[in-house]
Amino acid sequence: MNFSDATLARFAKEVAKYPADQKQSAVMACLAIVQQEQGHVSGESEKAVAEYLGMPPIAVHEVTTFYNMYNQQPVGRFKLNVCTNLPCQLRGGQKALDHVCGQLGVEDGGTTADGRFTVQHSECLGACADAPVLLVNDREMCSFMSTERLDDLLATLRKA
């Protein structure tokens, strides 16, 4: 895979933030750039980032698979991560996930037929006191997600 000159320029800007012998430290930023531009990080992209940064492809893959923010396949316009870690679980996290999946007619990890929504469980989102929580597109945290609040959120996103 060959990245565009614009993408390589963005990579270089991130790499420049680190000492020359530590350019691998820019791996997360480079993966974020790939995802912004392509919508997800493919295996081919991982290998190209690894080559660019001079690191083993498995090391890049480990980063991609560790963090929920990197999509390894195309996702819907709205990616909904529902926390099912213990604190959220104790306050209805699995119920929230099941409700969202039921309302959208998808399984955990699935994307709606129209490509608008992808739903997936998530490990801790760091808002345990607000459980259950849901993260929209890796950016917007929604707290205290009762069935009613989930229905309101889905109605709002459907209109967007």
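Check the entry above for the structure.
Calculation rules
- Residues numbered from 1 in each chain as written.
- Predicted model: local features only at pLDDT ≥ 70, side-chain atom pairs only at ≥ 80, totals over all residues.
- Heavy atoms only, no water.
- Helix = DSSP H or I, 4+ residues; strand = E, 2+ residues; numbered from the N terminus.
- Expected span 1.5 Å × (residues − 1).
- Buried < 20%, exposed > 50% of the residue type's maximum accessible area, 1.4 Å probe, protein only.
- Contact = heavy atoms within 4.5 Å.
- Salt bridge = Lys/Arg side-chain N within 4 Å of Asp/Glu carboxyl O.
- Pairing = 2+ DSSP bridges.
- Axes fitted to C-alpha atoms, helices over the stretch in contact; angles between N-to-C directions.
- Patch = residues over 30% accessible without salt bridge, like charges linked within 9 Å, V, L, I, M, F, W, Y side chains within 5 Å.
- Areas by Shrake-Rupley, 256 points an atom, 1.4 Å probe, with all protein chains shown as cover.
- 1 Å grid on protein atoms, 1.4 Å probe; cavity = no way out; pocket = protein on both sides within 12 Å on 5 of 7 lines; lining within 4 Å.
- Points joined across faces, edges and corners; volume = space filled by probe spheres on them.
- Nonpolar A, V, L, I, M, F, W, Y, C, P; charged D, E, K, R; others polar.

Quick word on helix H6 (residues 93-104)
Phase 1: When the terminal C-alpha atoms of H6 are compared, their 17 Å separation across 12 residues agrees well with the 16 Å that a helix rising 1.5 Å per residue should span.
Phase 2: Of all the residues in H6, the buried ones are Gly-93, Ala-96, Leu-97, His-99, Val-100, Cys-101 and Leu-104.
Phase 3: Structurally, H6 contributes buried residues whose contacts are with strand E1 (78-83), helix H5 (86-90), strand E2 (117-122), strand E3 (134-136) and helix H7 (147-159).

What to know about the pattern of salt bridges
Phase 1: Applying the stated criterion to the full structure yields 3 salt bridges.
Phase 2: Between Lys-17 and Glu-14 there is a salt bridge, with its nearest N and O atoms 3.0 Å apart.
Phase 3: By relative accessible area, which is 18% here, Glu-14 ends up buried.

Here we look at the environment of Met-55
Phase 1: Its place among the elements puts Met-55 in the loop between helix H3 (43-53) and helix H4 (57-66).
Phase 2: For Met-55, a relative accessible area of 11% gives the class buried.
Phase 3: Excluding residues within four positions of it along the chain, Met-55 makes contact with Gln-24, Val-27, Ala-50 and Val-60.

Points about unusual backbone geometry
Phase 1: A cis amide bond, omega -10 degrees, links Ala-131 with the succeeding residue Pro-132.
Phase 2: Looking at where Pro-132 falls in the secondary structure, it is placed in the loop between E2 and E3.
Phase 3: The phi dihedral of Phe-144 is positive, around 50 degrees, even though this residue is not glycine.
Phase 4: Examined against the element boundaries, Phe-144 turns out to sit in the loop between strand E4 (140-142) and H7.

Let's talk about the sheet that holds E3
Phase 1: The strand order E2-E1-E3-E4 describes an open sheet built from 4 strands, whose pairing is mixed. Each end of this open sheet is capped by a strand with a single partner; those strands are E2 and E4. Direction aside, neighbouring strands of the sheet carry axes that sit 20 degrees apart on average.
Phase 2: As judged from the 3 bridges shared by E1 and E3, these two strands associate in the antiparallel manner. If you follow Leu-80 over to E3, its bridge partner there is Val-136.
Phase 3: Contacts from H6 reach E1, E2 and E3, with the element oriented near 165 degrees to E2.

A word on a nonpolar patch on the surface
Phase 1: On the surface, a nonpolar cluster with roughly 380 Å² of combined accessible area is contributed by Met-28, Phe-66, Tyr-67 and Met-69.
Phase 2: Secondary-structure assignment places Tyr-67 in the loop between H4 and E1.
Phase 3: Overall, Tyr-67 belongs to the partly exposed group, its relative accessible area being 33%.

A look at the layout of surface pockets
Phase 1: In this structure, the largest pocket occupies an estimated 320 Å³ of space.
Phase 2: If you trace the largest pocket, you find 13 residues lining it, with Gln-35, Met-69, Asn-137, Asp-138 and Arg-139 closest to the centre.
Phase 3: At 3 residues, the largest contribution of residues to the lining of the largest pocket is made by helix H2 (residues 27-38).
Phase 4: Across the lining of the largest pocket, the residue classes break down as 4 nonpolar, 6 polar and 3 charged.
Phase 5: Put simply, the second largest pocket is a space of about 210 Å³.
Phase 6: If you trace the second largest pocket, you find 16 residues lining it, with Asn-68, Tyr-70, Asn-71, Gln-72 and Gln-120 closest to the centre.
Phase 7: Split by residue class, the lining of the second largest pocket holds 5 nonpolar, 10 polar and 1 charged.

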